[in-house]
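These are the residues of each chain, in order.
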Amino acid sequence: MTEQILTISDLQALLADPSADNQAAAAAKVARAWREGTLDPHAREAAETLFRTIVRRATVTVRAALAEAMKDADTLPHDIAIKLASDVDHVALPVLEASSVLTDEDLAGLVRMVSAAGMSAIAGRPSVSEKVSDALIERGDEGAIARLMGNAAAAISESALETVAERHGRSPRVAGPMAGRVGLPVRVATKLMSVVAEQLRRHLLGREAIDPDLLADLILQSRERATLVLAHGVGPDLEGFIADLNRSGRLTPTLVMRSLLTGDYLFFETALAIRAGIPAANASMLVRDPGGSGLAKLFAVAGMPESQLALARVALFAAEETELRDAPDARSHYRSLVIERILTGFGDRVDTASVDYMITKIGYGAPAATVATR
């Protein structure tokens, strides 16, 4: 077919074929020839006439075949792209997700009319503008917003992110990928963290006979773990994020130690610097000499409990041994090594994966002499 000029008679014969599968195969074949540029000008014009006929009159099977063949064709006539993108899901989804012919205005308008699956397809595009993100968030389909939050190529304004945190922060589908976004604004991260903590508090309050102190501990542990997850998403604004925690009274010694015990070395250094009120570079120099007096002085100035110093040294020596600073993939080995050495020092039998246990132990002031430093 690619070697012949397509005529109106050819088009009529194609559409008259009683088999939808045959029509679909023929439509895909013509589409490929059109994309490859093997049709002469007359045939190309005839092919586009065929495409317009297909989107108006053909069965779903044929329209879907055309959509799949033309989904990422950057010279597809705009009117055909719009028609395919406005069709039923089986036809529209490939075009909604991949077509570069659709403008931001097109996509924002389509968000208001397509199905939930269509919105999710738009949310997963190779690039999504703020205009389109705003439209998706305004309509509010949770599945589409979850996919949008997980799309690193989606541009989302801070105000839009705040809206998502307020409306969908309680949904694990949304909160998880949102927390992992690089460059998540501090204000949004804080709001998301507060929503998650409040959700946990309400859930636990529904339990019978739960001890108030245990409830407070569980909420604190959850908030601290969520804080460290969110910290990974704030990117270059990590220092601002930690400074905000400090101003609000949430940069606690247990949070600082939790960051070290779980291998978040940069958070640990930066947190100590902010608590001590010194430049991060100075804190880094002191931390890098865990066996000397510098770390002890830094702990004192930062208001860290003296009972935590020996534990910090164990973790820092393990960081050196596993090259944690240079190899983030070494975290699993690092955590196992730290907990193994701490357990040896404490002499207790506990779940070796439980960092919360370690935090509890240091919170009660475990004697420094009991912790092995090598």
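Anything mentioned here points back to the structure above.
### Some details on the packing of aromatic side chains
A complete count under the given rule lists one aromatic pair for this structure. Between W34 and F51, the ring centres sit 6.0 Å apart and the planes meet at 80°, which makes this aromatic pair edge-to-face. Taken together, the positions of W34 in helix α2 (residues 20–36) and F51 in helix α3 (residues 41–57) put the pair 17 residues apart, joining distant regions of the chain. With respect to burial, W34 and F51 carry one shared label: buried.

### Considerations on the environment of A302
Turning to its location among the elements, A302 is positioned in the loop between α19 (293–301) and α20 (309–322). For A302, a relative accessible area of 4% translates into the label buried. Between the C-alpha atoms of A302 and A271, which are 31 residues apart in sequence, the distance is 8.9 Å. If near-sequence neighbours (up to four positions away) are discounted, A302 is found in contact with L272, R275 and A276.

### Thoughts on the nonpolar core
In terms of nonpolar packing, the biggest core is built from 101 residues, with F241 and F267 touching the most fellow members. By residue number, the principal contributor to this core is helix α17 (residues 265–276), which donates eight residues.

### Focus: the packing of helix α5 (residues 78–85) against helix α6 (residues 89–98)
At their nearest, the axes of α5 and α6 sit 7 Å apart, and the two run at 125° to each other. Judged by the angle between their axes, α5 and α6 are oblique. Together, A81, L84 and A85 of α5 and V91, A92, V95 and L96 of α6 make up the contact between the two elements. Here the residues of the contact of α5 with α6 are counted per class, giving seven nonpolar, no polar and no charged.

### Details of the side chain of R63
Summarising the element assignment, R63 is placed in helix α4 (residues 60–70). You can call R63 buried: its relative accessible area is 12%. If we ignore the near neighbours within four places in the chain, the residues touching R63 are I54, V55, A58, L84, D87, V88 and V91.

### A closer look at the environment of D237
Residue position: D237 is located in the loop between α14 (212–231) and α15 (238–247). D237 gets classed as partly exposed once you look at its relative accessible area, which sits at 36%.

### Looking at the pattern of salt bridges
Oppositely charged side chains are able to pair whenever their charged atoms sit close together. For the structure shown, the criterion picks out eight salt bridges. The partner of E48 in a salt bridge is R44, with the nearest N and O atoms 4.0 Å apart. Placement of the pair is E48 and R44 together in helix α3, with a separation of four residues, close to one helical turn. Relative accessible area serves as the criterion here: at 26%, R44 is assigned to the partly exposed category. Where R63 meets D87, a salt bridge forms, and the shortest distance between an N and an O atom there is 2.6 Å. One end of the pair, R63, is in helix α4; the other, D87, is in the loop between α5 and α6, with 24 residues separating them in the sequence. When sorted by exposure, R63 lands in the same class as D87, which is buried.

Calculation rules
Residues numbered from 1 in each chain as written. Predicted model: local features only at pLDDT ≥ 70, side-chain atom pairs only at ≥ 80, totals over all residues. Heavy atoms only, no water. Phe/Tyr/Trp six-rings, centres within 6.5 Å; stacked < 30°, edge-to-face > 60°. Helix = DSSP H or I, 4+ residues; strand = E, 2+ residues; numbered from the N terminus. Buried < 20%, exposed > 50% of the residue type's maximum accessible area, 1.4 Å probe, protein only. Contact = heavy atoms within 4.5 Å. Core = buried A, V, L, I, M, F, W, Y, C linked by side-chain atoms within 4.5 Å. Axes fitted to C-alpha atoms, helices over the stretch in contact; angles between N-to-C directions. Parallel < 35°, antiparallel > 145°, perpendicular 65-115°, else oblique. Nonpolar A, V, L, I, M, F, W, Y, C, P; charged D, E, K, R; others polar. Salt bridge = Lys/Arg side-chain N within 4 Å of Asp/Glu carboxyl O.

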